[in-house]
Every structure is written in structure tokens, then in C-alpha cells.
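Breakdown of the fold
Here are the chains, one letter per residue:
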Amino acid sequence: MPERSPLPSPEEKPVFVRNMFADAARRYDLMNRVMTLGQDQRWRRMVVEACQLPPGGRLLDVATGTADIALEALRQHPDAWVIGTDFTHEMMRIGQAKDPDGRISFVEADALRLPFPDDSFDAACSGFLMRNVTDVAAAFAEQRRVVKPGGRVLCLEITRPAAPIWRDIFHIYFFKFVPRISAFFSSNKDAYTYLPHSTLQFPRPPQLAEIMRSVGLKRVTWRTMMLGAMALHVGEV
Ligand SMILES: C[S@@+](CC[C@H](N)C(=O)[O-])C[C@H]1O[C@@H](n2cnc3c(N)ncnc32)[C@H](O)[C@@H]1O
């Protein structure tokens, strides 16, 4: 019998991903801090800085999850109008509890069909979304559509280091340690293998930049963090 892939098929993926995050929602923030060795909030700060929001600007945080990027945006720009979308209700419920004054508008939506008119935002960003969608180009195209000309589309995502030594260390970390950490926090066995395997098939930074250009984003740049294991891409509309 052929060996079953540890990754869901494109048809199964949305339901698989939603179930995985619904299951992990309550432990997600803690799991993030542990897996990134406490670095994740620093990267979210960098995402918001790179949005270059104007005074009173409008930001769309796609796949907001527990809303850490949206909250950071309001910390840096108290006068901003911030919308967070996600298709996992359980994740956003945790985010809502972290925003008791209701300053963030939460909207349940698929990243591939954003329920906003064209040119609605000054910037759209996503943190750790793109590995999870079935069509990365379509997700970027949606974000480009809802951002005004001159605005920015940003993507923070795990990537694979280019340098062989760091690539090996990354591989050991993601394939040996991450499944153990996931097992500690989650009862969903598929989730242990999904994270490392989904990083292997995800485009490397130059290819991801090419996908962004292919949907019309301009002046695409990226920077890597954590010895090349994390990348922040920025494109202009
Ligand atoms: C790893 S979490 C990231 C959450 C948050 N952006 C952060 O920085 O922690 C990924 C999120 O993407 C959401 N997601 C995945 N695919 C999606 C899709 N097609 N549409 C909307 N949300 C999606 C999941 O529900 C989950 O909340």
C-alpha cells in the first residue's frame, strides 16, 4: 500500500487546518512562545512597523488567530482602525478576550475570499497563514485587491534557512523537537507532523517573492530572521 502523506490533500486542507487550530486555540499563545524561544512577539512588532500605517490608518490582519498582530498594531498606532479575520472561530474568541475594550473588529472569513471592497485598507498583513492555504497566489491576490494603491501587503512565515549548517539544525529542530512540543500541547496527532512537513513544501523566500510579483505586487523585498528560519516579505500595491 502507498504510504499516506503526512499532509492533507488540497480538498481536505481547509477542514484539517480549521480543526487543528480550533483544537489548539487555548494553548496557542503559550505554544508559540515556547516554539519560537520567545521571539514571536518581536517578529510581530517588525510586521507592524513594516506596514508603515499613516495616521488613523486602516489595517487588515488576515488570519489574525488570537490577535497578537492586531493588538501590536493598536499598541504602535492607538488611532488605527484594525480588522482581524480568520476562519477559526475558537482562535478569534481567545483574541477577543485579549481585547476587552473591543477595539479590534473581528470578522470570520476565508483568506481566499475576503469580504471587503477593493481598496479598503492601507495595509494587509498575515502571520503564519500562507503555509496553511491551498492557493498562496490567490491569498496574496485577495490582499492586494483590498489594499489601496500605494499601500502594503506583508507576510510573516516560517521558511528554510539557505545555509547548509543551519538547514540541518532547522531540520532537527522542526522534525525532532517541534512534534514533541506539539504533543505536549495538543491531543491532535496529525498536528505534530503537519507543522514540520508544511514548512518543507512551502516556497523559499525568492520563490515566495516571485508569487507576490505574479499577482501584481511591486517592489517586493524580504528579510530573514532566526538564522534564516523566518521570513518577512513586503510588497507594494
Ligand atoms: C499559525 S496561526 C497564526 C495566527 C496569528 N496570525 C499569529 O500571528 O499568531 C494560523 C491562523 O490561520 C488561520 N487560517 C488558516 N487558513 C485560513 C484561511 N484559509 N482563511 C482564514 N484563516 C485561515 C487559522 O485559523 C489560524 O488561526
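For the structure given in this document, a descriptive report is provided here. (Residues numbered from 1 in each chain as written. Predicted model: local features only at pLDDT ≥ 70, side-chain atom pairs only at ≥ 80, totals over all residues.)

A separate point is the overall build of the protein chain. Within the protein chain, the secondary structure is distributed over 9 helices and 7 strands. For a compact globule of 237 residues, the expected C-alpha radius of gyration is about 18 Å, and the protein chain comes in at 17 Å, within 12% of that figure. With respect to the principal axes defined by its C-alpha atoms, the protein chain has extents near 55 × 40 × 35 Å. Per-residue burial for the protein chain yields a buried fraction of 38% across its 237 residues. For the protein chain, the proportion of contacts with a sequence separation of at least 24, taken over those separated by at least 6, is 66%. (Helix = DSSP H or I, 4+ residues; strand = E, 2+ residues; numbered from the N terminus. Rg over C-alpha atoms; globule rule 2.2 N^0.38 Å. Buried ≥ 20, exposed ≤ 12 C-beta atoms within 10 Å, placed from the backbone. Contact = placed C-beta atoms within 7 Å.)

Between two packed helices, both the angle of their axes relative to each other and the distance between the axes serve to describe the pair. Remark: helix α3 (residues 40-51) packs on helix α4 (residues 68-76), axes separated minimally by 9 Å, with the N-to-C direction vectors making an angle of 60°. On the basis of their axis angle, the class for α3 and α4 is oblique. As for how α3 packs across α4, the hand of that crossing is right-handed. Counting all contacts with α3, which are made through Q41, R44, R45, V47 and V48, the residues of α4 involved are D68, I69, E72, A73 and Q76. Residues that form the contact of α3 with α4 fall into these classes: 4 nonpolar, 2 polar and 4 charged. (Axes fitted to C-alpha atoms, helices over the stretch in contact; angles between N-to-C directions. Parallel < 35°, antiparallel > 145°, perpendicular 65-115°, else oblique. Left-handed = near helix turned anticlockwise from the far one by under 90°. Nonpolar A, V, L, I, M, F, W, Y, C, P; charged D, E, K, R; others polar.)

A few words now on the environment of M212. Checked against the element boundaries, M212 lands in helix α9 (residues 205-214). Under the C-beta neighbour-count criterion, M212 is labelled buried, with 27 such atoms within 10 Å. Beyond its immediate sequence surroundings of up to four residues, M212 is in contact with F140, L217, V220, H233 and G235.

As a further point, take the sheet that holds strand β4 (residues 121-127). Ordered in space as β3-β2-β1-β4-β5-β7-β6, the 7 strands form an open sheet in which the pairing is mixed. Lying at the two open borders of the sheet, with one neighbouring strand each, are β3 (104-108) and β6 (218-225). With strand direction ignored, the average angle separating the axes of adjacent strands in the sheet is 15°. Relative to β3, strand β2 (residues 81-86) is paired through 5 bridges, and the arrangement is parallel. (Pairing = 2+ DSSP bridges.)

Core analysis: the biggest nonpolar cluster contains 60 residues, and V47, C51, L59, A123, A124 and L154 have the highest contact counts within it. Sort the elements by how many residues they give to this core and strand β5 (residues 147-158) lands first, with 6 residues. Sequence-distant contacts of V47, defined by excluding residues within four places in its chain, comprise I69, C125, G127, L154, L156 and L232. (Core = buried A, V, L, I, M, F, W, Y, C linked by C-beta atoms within 7 Å.)

This part covers the environment of S182. Tracing the backbone through its elements, the reader meets S182 in helix α7 (residues 164-185). Given 23 C-beta atoms within a 10 Å radius, S182 is considered buried. Sequence separation between S182 and Y192 is 10 residues; the distance between their C-alpha atoms is 5.4 Å. Excluding anything up to four places from it in sequence, S182 contacts A191, Y192 and L195.

Glancing now at unusual backbone geometry. A positive phi is found at L37, a non-glycine position, where the angle reads about 55°. Relative to the helices and strands, L37 is located in the loop between α2 (28-35) and α3. One non-glycine residue, A67, lies in the positive phi region at around 70°. Secondary-structure assignment places A67 in the loop between β1 (58-62) and α4. Its 25 C-beta neighbours within 10 Å are what place A67 among the buried residues.

Another aspect to go through is the site of the ligand. Around the ligand there are 21 residues in total, and A63, G65, T88, A111 and G127 lie nearest to it. Looking at the shell around the ligand, the elements with two or more residues in it are α1 (13-24) and α4. Here the element with the most residues in the shell around the ligand is α1; it accounts for 4 residues. Grouping the amino acids of the shell around the ligand by side-chain chemistry returns 12 nonpolar, 5 polar and 4 charged. (Near = placed C-beta within 6 Å.)

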